[in-house]
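Topology and contacts: notes
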Amino acid sequence: MELLLYTALFAPLVGSLFAALFGASPKTLVTGVVTSLLLGVSLVASTILLIFVITSGQFVHVEMMTWITAGDLYIPFGFIVDQISVTMMMVVTLVSTVVHVYAIGYMDHDKGFNRFFSWLSAFVFSMMVLVMSDNFAGLFIGWEGVGLCSWGLIGFWYQKESATWAANEAFIMNRIADLGMLIGIFLIYWNTGTLQYHEAFAAMPALENATLVWIGIFLFVGAMGKSAQFPLHTWLADAMEGPTPVSALIHAATMVTAGVYLVIRSHELYALIPNVGLFIASLGAFVAIFAASMALVNRDIKRVIAYSTLSQLGYMFVAAGLGAYWVALFHLMAHAFFKALLFLGAGNVMHAMDSELDPFKMGGLGKKMKATMIMMTLASVALAGIYPFAGFFSKDLILEAAFVEQHYIIYTVLLLTAGLTAFYSFRIIALIFHGEERYKLFGFHPHEAYKFMLVAMSPLLLLAIIAGSFKLSYFEMVTNLLPAIEYHIHHPLTYWVITLGTQLFVIAAIFFAYKKYMSKSIKVPDGTSVMEKSFFYKLLINQYYIPRFYEEYLVKPYRELSCVFWKHVDQKVVDATVDGIANVIYRTGENSREMQSGNLSTMLKWMVAGLVALLSLAVVFGLATRHSDKIMLILSGLGV
Amino acid sequence: MMEIGLNHYLVLSTILFSIGLVGVMRRKNLLMLFFATEILLNSVNISFAAISHFYGDLTGQMFAFFVIAIAASEVAVGLGLLIVWHKRHNAIDLDLMSTMKG
Amino acid sequence: MLDNILSILVFFPAIAAIFGFAVAKDSIRAYGVAVAFIEFALSLLLWFSFDSSVSGMQFMEMVPLVPAFGINYILGVDGISLFIVILASFFTMIGIASLGETKNVKNMIISLLFLQMTMAGVFVALDAIVFYVFWELSLVPMLYIIGAWGGPLRIYASVKFFLYTFTGSLIMLVGMLFMAYFYYQATGTWSFAFLEWYRLILPETFQLWLFGAFFIGFAIKVPMFPFHTWLPYAHGQAPTIGSVILAAILLKMGTYAFIRLSLPMFPDASVFFMFPIAIIAIIMIIYTAMVAYAQEDIKQVVAYSSISHMGVIILGTFALNVEGITGSVFLMIAHGVVSGALFLLVGVIYDRRHTKMMAEFGGLASVMPRYATIFGIMLMASVGLPLTINFVGEFLSLLGFYQQSHILTLLAGIAIIVGAIYMLSAYKKMFFGEVTNEENRNLPDVNKRELVALVPLVLITVWLGVYPKPLLDPISNSVKSVVQLMHDKAISEEAKTRIPNLMDGVTRVKETN
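So, a few notes on the structure that sits alongside this text. Fair warning: this is a prediction, and the values are worked out from it, not measured in the lab.

1. Notes on the overall build of chain B
- Counting secondary structure elements, chain B contains three helices and zero strands.
- When the helices and strands of chain B are listed from N to C terminus, the series reads α-α-α.
- A compact globule built from 102 residues would reach a C-alpha radius of gyration of about 13 Å, whereas chain B, at 17 Å, exceeds it by more than 25%.
- Dimensions of chain B, computed from C-alpha atoms along their principal axes, come out at roughly 55 × 30 × 25 Å.

2. Re the pairing of strand β1 (residues 60-70) of chain A
Residue and element names in this part refer to chain A.
- Where β1 meets strand β2 (residues 73-81), nine bridges bridge the pair, whose relative direction is antiparallel. Note on β2: the bridge partner recorded for V62 is F79.
- What sits between β1 and β2 in their antiparallel hairpin is a turn of two residues, with G71 showing a positive phi close to 65 degrees.

3. Thoughts on the interface of chain C and chain A
- Contacts between the two partners involve 70 residues from chain C, matched on the other side by 52 residues from chain A.
- Both sides of the chain C and chain A interface together cover about 5,500 Å² of buried area, and 72% of this is carbon and sulfur.
- Counting the surface chain C buries against chain A, the share from its top three residues, M290, F395 and Y402 of chain C, is 11%.
- Run the count over chain C and chain A and you get three salt bridges.
- A salt bridge links K428 of chain C to E161 of chain A; its shortest N-O distance comes to 2.9 Å.
- Between the two partners, chain C and chain A, sit 23 residue pairs in polar contact (both at pLDDT 80 or more).
- Sort the elements by how many residues they give to the side of chain C that touches chain A and helix α19 (residues 406-431) of chain C lands first, with 14 residues.
- Per-class residue counts for the side of chain C that touches chain A are 43 nonpolar, 17 polar and ten charged.

4. Describing the layout of surface pockets
- Roughly 1,100 Å³ of volume is contained in the second largest pocket.
- Those elements giving two or more residues to the lining of the second largest pocket turn out to be α6 (161-192), α9 (234-238) and α24 (546-592) of chain A together with α13 (274-294) and α19 of chain C.
- For the lining of the second largest pocket, the element with the highest residue contribution is α24 of chain A, accounting for ten residues.
- Within the lining of the second largest pocket, the residues separate by chemical class into 21 nonpolar, seven polar and eight charged.

5. Overview of the pattern of salt bridges
Residue and element names in this part refer to chain C.
- Tallied over the full model, the rule gives 16 salt bridges over all chains.
- A salt bridge links R352 to E450; its shortest N-O distance comes to 3.0 Å. With R352 in helix α15 (residues 322-353) and E450 in helix α20 (residues 448-466), this pair connects stretches of sequence that are 98 residues apart. The same class applies to R352 and to E450, which are both buried.
- One salt bridge in this structure joins K469 and D473, with 3.0 Å as the shortest N-O distance. Placement of both K469 and D473 in helix α21 (residues 469-489) is noted, with a separation of four residues, approximately one turn of the helix.

Parameters at a glance
- Residues numbered from 1 in each chain as written.
- Chains lettered and ligands numbered in written order.
- Predicted model: local features only at pLDDT ≥ 70, side-chain atom pairs only at ≥ 80, totals over all residues.
- Heavy atoms only, no water.
- Helix = DSSP H or I, 4+ residues; strand = E, 2+ residues; numbered from the N terminus.
- Rg over C-alpha atoms; globule rule 2.2 N^0.38 Å.
- Pairing = 2+ DSSP bridges.
- Contact = heavy atoms within 4.5 Å.
- Buried area = accessible area lost by both parts, 1.4 Å probe.
- Salt bridge = Lys/Arg side-chain N within 4 Å of Asp/Glu carboxyl O.
- Polar contact = N/O pair within 3.5 Å; in protein donor to acceptor, adjacent residues only side chain to side chain.
- Nonpolar A, V, L, I, M, F, W, Y, C, P; charged D, E, K, R; others polar.
- 1 Å grid on protein atoms, 1.4 Å probe; cavity = no way out; pocket = protein on both sides within 12 Å on 5 of 7 lines; lining within 4 Å.
- Points joined across faces, edges and corners; volume = space filled by probe spheres on them.
- Buried < 20%, exposed > 50% of the residue type's maximum accessible area, 1.4 Å probe, protein only.

Here's what the structure looks like:
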């Protein structure tokens, strides 16, 4: 069993190192194949471990070696496969394998083919370290590792200024959150004496509530960065600069869910501080509707899907914040499948349309790209939460949980967001695949993606459809570890009204979207229409002006302050003082040089002056010693 | 008639010393500098001799002899150098002698 | 031979340097590499024979010099100094091996060997006068290296470096003389030996003054804000090898001296000054990171980043607990490796383009991919990515100081953010984007000679980031004895609470904010 653990963990690393050997060479197909194969191996190992965990209910726990020891601090490289981590492992390895195979086709003509697979596998390795670690320090290693790989992959096309800028923004924003997480880790160590999950959580009930609240808050700050919760959310949309497989893997299924994973893993802590949980849930609800609103008008298909991810992350945090940890994990899993599928489908569209991102320039592609259309439509249906697709089981559960726990505001917000989600998802579908074939005006010649890429995407499609059926067996497995709260609305009438009502609301939104965007009168907006001039449209399309706010009030002042520090403080104040002291000494020397004028008369004058001074001193000292007691009397009288 | 005591000689010596000091400080002519130096030395001689007489200790007068001898030899050498300098530069103004400038 | 290995380590390079005058110009490089390699091998032998479980001094040697005043030639090494000694010889070796085109290369190599002697001497000296001699002597070869092979402002930079550091050291010397005098007053015998001074418990006022005197000397060397302005000039004007040795080893003399001298001899003063010094450290971290961000010259970016990292080291030292001080010693090694590598990397591009202005570069990643990769790894190490060597040191230092103050640690933790900002921005300016300057289009990638120095550094960065235990164990052991000594000697109440008592079996004290 330990061997399986190590295989699952290290196979991606081996693949990454293998591909790195070819890093500077032109494309060699074998790198893509080998890395995908190794990921497949990891997937198989994870599956076997999953079956083991389900059937036996036991964990697999290894301590590989010591990492840091100093004083009382002991941090090992330790890994654990329990119900939570094995779920994450399955999600990560499955989506990664699909994305790797897909990328062999997508990155077909790219010069950095080998480098891409090296980074991608390195990312998977970091993510595995993150979810499989048994202590907070190991989690942090994986945490920063995925940040690094995300930087390398967002900025993969490094000749593009926008890509490298987005990469730096992502890394720095994540770092801001990581500081919070680091403080949380320090708090845990100094209060419980260990960073191992098991022992730390066991010691927590004995701590003061205030300490626990701080730990919870700081850890959540770390989660906010990775999962792009407001206000650290701007990097996620900009991260779409990276190649689409990267968006599918990192920014839909894995890295961004790391924050949710952290909260789920720390559920024993958050159960003790329900107020913090309520804050998390409220923030999640806010983000859900906030992101959905921005997706309504956006004209970049990847950004719309990115906002959709952000919105769904909000859903997950609502669930986790309200204590429905298994629900959050379930939604994480289901979401990974259909969101990754959506991104990959969008990748197909982009590939066909020469990397064009504006859906208004597409239209009627369904005729040429039937398979992609079907996949994306079904994925969107799952996202919208229509029965019997996966999304229904996971999203509706969250709505039920909010309702049952009597957080009606959160429930309403999430319900509205569900409607918005359906609307914007199908807006994109309608604009791309239906209606007039507007792309012909722009000279595009779209074609379907390679067959093997479609084949690679199909497992995701399958899971997006059937994952709901896993709910019960999943529930049984994961509640060995997580609190087993079942959310039942007791009154059957209420239950049916709510469920059916939600479904009808969502379906109505879908129809509205189709009707509006399939019509023949859609043309590319050019800034003149009434809607485009309206205040709300401008607000939403500029992302509530938050990126501009950050740029004007945070980035620019920082840069200017740095220049001020350098030119005015360091050079003109600190250094000038040092040089000033040196100059004083220098000038004193220069002036004293006047004494050596070579003029006998002047020197004689100096001699006389010196003589007088010394004589006076001698007289004064002599008098002082003669009358020392009288002098002491006077001084003490003055209070010295 | 007032008794001439030690203090009178000392006052005389002080006055002569300050005259000499001022002269040393102010004179620009090398020859006049020598004069001032002689005045300084002789003022000290006066005080040596006076103190020695009034305290009955001959050490002071012996010292005065030493000072006279030293003064004489110093003037001899100095005047010799002065004449050589004058032959070369045709002036003995102190302000013009500044080759030892630092 | 093992009995005198420390003397051999100290004097062998100097003697070899003197013989080096007789070596022909064509073989001086080989000679230099050979000597440095033997020195490095000797230091490895020292490590191999070092007993990690002993926390006190090992391989001690003593030869009386001036018995009337207690000045003796005493050498000794413990977990704290061992690795810096090894690092010094390592850098001398790879530095000489990767020397590029240098005029008067014979003088350069001889200077470097002399410098190696002084560096080894400082870290193993256990007598104040011997320590001071080596401390000051290290300035001379450095002055020469910067002054003879440096850039346009080299005379200004080298003289400023020399005089500034020298002034501080003089104040330190006065402190040392006072300390010896107090020792004489207390015990009746003269002694300048550190180990004997450790036993002396001084009243608080004396401690404060002496701490201040020593502080000036060390603070200028570290360099701490606001005594840091000599460093950008020294680095900016020095040749590559000068910067490498300066950043990797010479800066560590100051921080090492804090742990060796200030902390054990003046525990109450250390606690008294802990918060002001922590504030200075935080200013160092954040302010110099911002100044680094504003720079246009890549070497200055790295120079200011050095000061920023030294801030974390100082913070770890003044955490006054085992985790913190262990972290700071480890970070000294880590910073040496990473900064040395970064300066070598700057030297690589300077050798090709004879400019260090980032505006002249751009898009280098497509022209020199291997160089970009190595630079990227070192960049991430500098930023403190886990599994690189810097992370272990930074994590431990910050963790240690957290016990003393939560808020200050939070402020200091901003180091990870500002560090990322300037480093990523510099990397982007140099490597990303299109190749805009025609001169950059055909630059050769890193060659074998440069790789000889860079590859070992990359390997160490990753190896010690993943498996730091071989270093952490001896360091932690020696630090434990220092902390215990401090606790036992402390006379003020605050010191007794802030410095943990290891005899209780825990290194944690009750939370005091």
